[in-house]
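Read off the chains here:
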Amino acid sequence: MNMVKRKRRLPRLSGRIWLMLLIWVVCLLYLLFQGGKTSVMLLSMVTLLIVYLWMVGLSGVRRVQGHRQLSQGSEFGELLHAGDQVHVKLSLSIPGFLPLPYVIVREVLKRHTGESWSFEDSVIPSMKGGGQLTFQTPALERGSYYFEETECVSEDIFGLLEHKGRLNARGEFRVLPRTVFIPYWQINDRRSRMSGPQTVQTRTRRETTQINGVRDYVYGDRFSRIHWNATARTGSWKSKEFEHETVPKTMLVLDVQTKHYVNADQFELAVSSTASLLEYGGRERMGVGLCTAGEKGTVFQPSEQTMERQRMMHHLVDIHTTSQGSLMTAVESCVRQFPQGCYFILISPLKDHQALELLRWADTRGMTPCHVYIGEGSAEGEAEKWMSMLRARGIKGYDVESLEELPAVMGGGTQ
């Protein structure tokens with residue numbers, strides 16, 4: 001076996017350390033050649049100072065320890081959405097019995113896209129070496145975030161030497177896409193013309209005669225719906241809530257092709273619209289699935305379970321546009337995983353023959369196509385023309401220019 005000899009690298013000493021050593025050598029020579037009480041006193045003072053600096057560097061900030069806590073406001077462990085701020089509390093413990101005047105703490109927060117934020121502040125340790133740093137991040141967009149190694153810098157009480165230490169305090173969190181509350185979506189209205197004249201069966205969430213629970217009275221409820229026992233027990237009007245018939249599943253198809261979006265804000269609007277529709281499906285107990293059409297299609301089967309919906313939401317956290325593949329190819333590759341006769345909801349800024357071809361293709365596969373058009377805030381006439389073209393072909397369309405408009409556009413609120 002060949003032995004490889006490695007040269008041992010000596011640690012680089014700073015100029016101040018060389019200066020202190022030079023002063024000590026000069027004092028030693030002064031004692032040897034001159035003698036006297038003055039030389040002894042000088043050598044003793046310099047020696048004690050060097051021993052103090054050595055002890056500070058050996059057992060001080062270089063062995064710093066600590067842990068980190070993250071919270072949104074005062075609630076720990078709460079889910080974060082885009083636009084929220086994170087409160088960070090970093091607790092430090094510096095071993096040793098020698099006091100330190102201050103400690104400078106430098107933090108770096110990184111996003112999965114490569115963006116980073118730097119934070120720097122000073123902490124005055126207690127006599128036991130404990131300290132705490134609290135700061136707040138700016139408003140964050142969706143994505144995965146983590147803190148790099150924390151750098152701690154300190155000086156001795158004389159300000160002669162600088163000592164550095166690194167602390168690996170884990171701090172990872174995820175920020176969900178920005179969402180908006182949608183109180184109502186016309187897709188469940190049996191009186192709305194979902195797919196035009198070619199739809200034979202009216203698809204609706206009709207109520208059965210099976211009581212599912214009790215809810216608060218809503219103005220307009222029939223007299224027969226009032227639950228008298230619950231009303232008498234609670235002192236407020238209560239109505240019966242009935243189970244609904246099964247309705248076709250819904251597939252949200254998100255376009256993630258880079259060439260289809262004008263800028264990053266338009267893509268974020270598409271992601272936020274998708275996340276808002278997922279939340280609506282969860283509240284209404286709809287079977288909503290997700291398909292992200294990029295280089296390859298990624299499919300999540302429609303489900304009413306909260307865990308499955310959370311998987312879809314976390315998938316949207318790390319989603320990004322891609323310049324490879326095509327929208328049509330990605331959807332065709334995973335069509336076998338689409339439920340038969342489902343609602344096909346295309347979320348895309350396309351308003352050309354590609355989108356129309358994809359919607360027609362979904363119609364020929366027995367699905368009910370629908371287009372959520374993500375506008376770019378310009379060419380309103382073209383958007384209205386596109387919506388008219390879809391209506392002429394019996395396809396439902398929604399023109400979304402901003403996230404705040406989404407509830408009104410979907411039929412459940414006012415702008």
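The shown structure was predicted, so the numbers you read here are calculated from the model rather than taken from an experiment.

Engineer: Residue-level account of the side chain of serine 144, with values.
Structural biologist: Note on placement: serine 144 falls in strand β8 (residues 143-147). Exposure remark for serine 144: the relative accessible area of 18% places this residue in the buried category. One polar contact links serine 144 to arginine 174, side chain to side chain, over a distance of 3.1 Å. One polar contact links serine 144 to aspartate 318, side chain to side chain, over a distance of 2.8 Å. With near-sequence residues (within four places) excluded, serine 144 lies in contact with Lys110, Arg111, His112, Phe173, Arg174, Val317 and Asp318.

Engineer: Talk me through helix α7 (residues 353-364); I want residue IDs and the actual numbers.
Structural biologist: Over its twelve residues, α7 extends 16 Å from the first C-alpha to the last, a length consistent with the 16 Å expected when each residue adds 1.5 Å. Every buried residue of α7 is accounted for by Ala355, Leu356, Leu358, Leu359, Trp361 and Ala362. For α7, the capping residue at the N-terminal end is aspartate 352, with a side-chain oxygen 3.2 Å from the backbone nitrogen of glutamine 354. Positive backbone phi, approximately 85 degrees, marks glycine 366, located one or two places after α7.

Engineer: I'd like a rundown of the packing of helix α4 (residues 264-283) against helix α5 (residues 306-317), residues and numbers included.
Structural biologist: Closest axis-to-axis distance for the α4/α5 pair is 11 Å, and the angle between their directions is 170 degrees. Comparing their axes, α5 and α4 come out roughly antiparallel. Taken together, the residues of α5 that come into contact with α4 (itself represented by Val271, Thr274, Ala275, Leu278, Glu279 and Gly282) are Arg309, Met312, Met313 and Leu316. For the contact of α4 with α5, the per-class residue count stands at six nonpolar, two polar and two charged.

Engineer: An account of unusual backbone geometry is needed here, citing residue identities and associated values.
Structural biologist: Even without a glycine there, the phi angle at arginine 285 is positive, about 55 degrees. Residue placement: arginine 285 occurs in the loop between α4 and β15 (288-293).

Engineer: Describe the packing of aromatic side chains, and please don't skip the residues or the numbers.
Structural biologist: Any two aromatic rings considered together are summarised by their centre-to-centre distance and by the angle between their planes. Considering all chains together, one arrives at nine aromatic pairs under this definition. Measuring from ring centre to ring centre gives 6.2 Å for phenylalanine 338 and phenylalanine 344, while their planes differ by 35 degrees; the resulting arrangement is tilted. Note on phenylalanine 338: relative accessible area 8%, which makes it buried. The class for phenylalanine 344 is buried, based on a relative accessible area of 0%. Clustering of aromatic rings is evident, with ring pairs tying together Trp117, Tyr145 and Phe173. When the ring centre of phenylalanine 147 is taken as reference, the NZ or CZ atom of arginine 68 above it lies at 4.2 Å.

Engineer: Outline the nonpolar core, supporting the account with residue identities and numerical values.
Structural biologist: Formed by 36 residues in total, the largest nonpolar core has its most connected members in Trp185, Leu252, Leu254, Leu316, Ile345 and Ile347. Within the residue set of this core, elements represented by two or more residues are β14 (250-255), α4, β15, α5, β17 (343-348), β18 (368-374) and β19 (396-400). Take this core: its biggest share by element is eight residues, from α4. Residues contacting leucine 252, with those up to four places away along its chain left out, are Thr274, Leu277, Leu278, Val288, Gly289, Leu290, Cys291, Ile345 and Ile347. Within the second largest apolar cluster, 28 residues are counted, among which are Cys342, Phe344, Leu358 and Met387.

Engineer: Can you explain the sheet that holds β17? Please cite residues and give values.
Structural biologist: Strand order in the open sheet formed by six strands is β16-β15-β14-β17-β18-β19, and the pairing between neighbours is mixed. Either end of the sheet is taken by a strand with one partner, and the two such strands are β16 (297-303) and β19. With strand direction ignored, the average angle separating the axes of adjacent strands in the sheet is 15 degrees. Together, β14, β15, β17, β18 and β19 form the strand contacts of α4, whose direction differs from that of β14 by roughly 170 degrees. The sheet contacts of α7 involve β17 and β18, and relative to β17 the element is tilted by about 170 degrees.

Engineer: Please set out α4 residue by residue, giving values where relevant.
Structural biologist: Over its 20 residues, α4 runs 29 Å from end to end, which matches the ideal 28 Å to within 8%, given 1.5 Å per residue. Regarding α4, its N-cap is asparagine 263, as a side-chain oxygen of that residue lies 3.3 Å from the backbone nitrogen of aspartate 265 further along. Where α4 ends, the next residue or the one after it, arginine 285, has phi of about 55 degrees, a positive value.

Engineer: Can you break down the confidence of the model for the chain residue by residue, with the values?
Structural biologist: Looking at the chain as a whole, its pLDDT mean stands at 80, while 81% of the residues score no less than 70. Here residues 1-13 is a poorly scored stretch, pLDDT under 50, and it has one contact once near neighbours within four places are set aside; other chains count. This stretch, residues 190-204, has a pLDDT under 50; its non-local contacts, to residues over four places away or in other chains, come to 25 contacts.

The rules behind each value
- Residues numbered from 1 in each chain as written.
- Predicted model: local features only at pLDDT ≥ 70, side-chain atom pairs only at ≥ 80, totals over all residues.
- Heavy atoms only, no water.
- Helix = DSSP H or I, 4+ residues; strand = E, 2+ residues; numbered from the N terminus.
- Buried < 20%, exposed > 50% of the residue type's maximum accessible area, 1.4 Å probe, protein only.
- Polar contact = N/O pair within 3.5 Å; in protein donor to acceptor, adjacent residues only side chain to side chain.
- Contact = heavy atoms within 4.5 Å.
- Expected span 1.5 Å × (residues − 1).
- Axes fitted to C-alpha atoms, helices over the stretch in contact; angles between N-to-C directions.
- Parallel < 35°, antiparallel > 145°, perpendicular 65-115°, else oblique.
- Nonpolar A, V, L, I, M, F, W, Y, C, P; charged D, E, K, R; others polar.
- Phe/Tyr/Trp six-rings, centres within 6.5 Å; stacked < 30°, edge-to-face > 60°.
- Lys NZ or Arg CZ within 6 Å of the ring centre and 35° of its normal.
- Core = buried A, V, L, I, M, F, W, Y, C linked by side-chain atoms within 4.5 Å.
- Pairing = 2+ DSSP bridges.
- pLDDT = per-residue confidence, 0-100.

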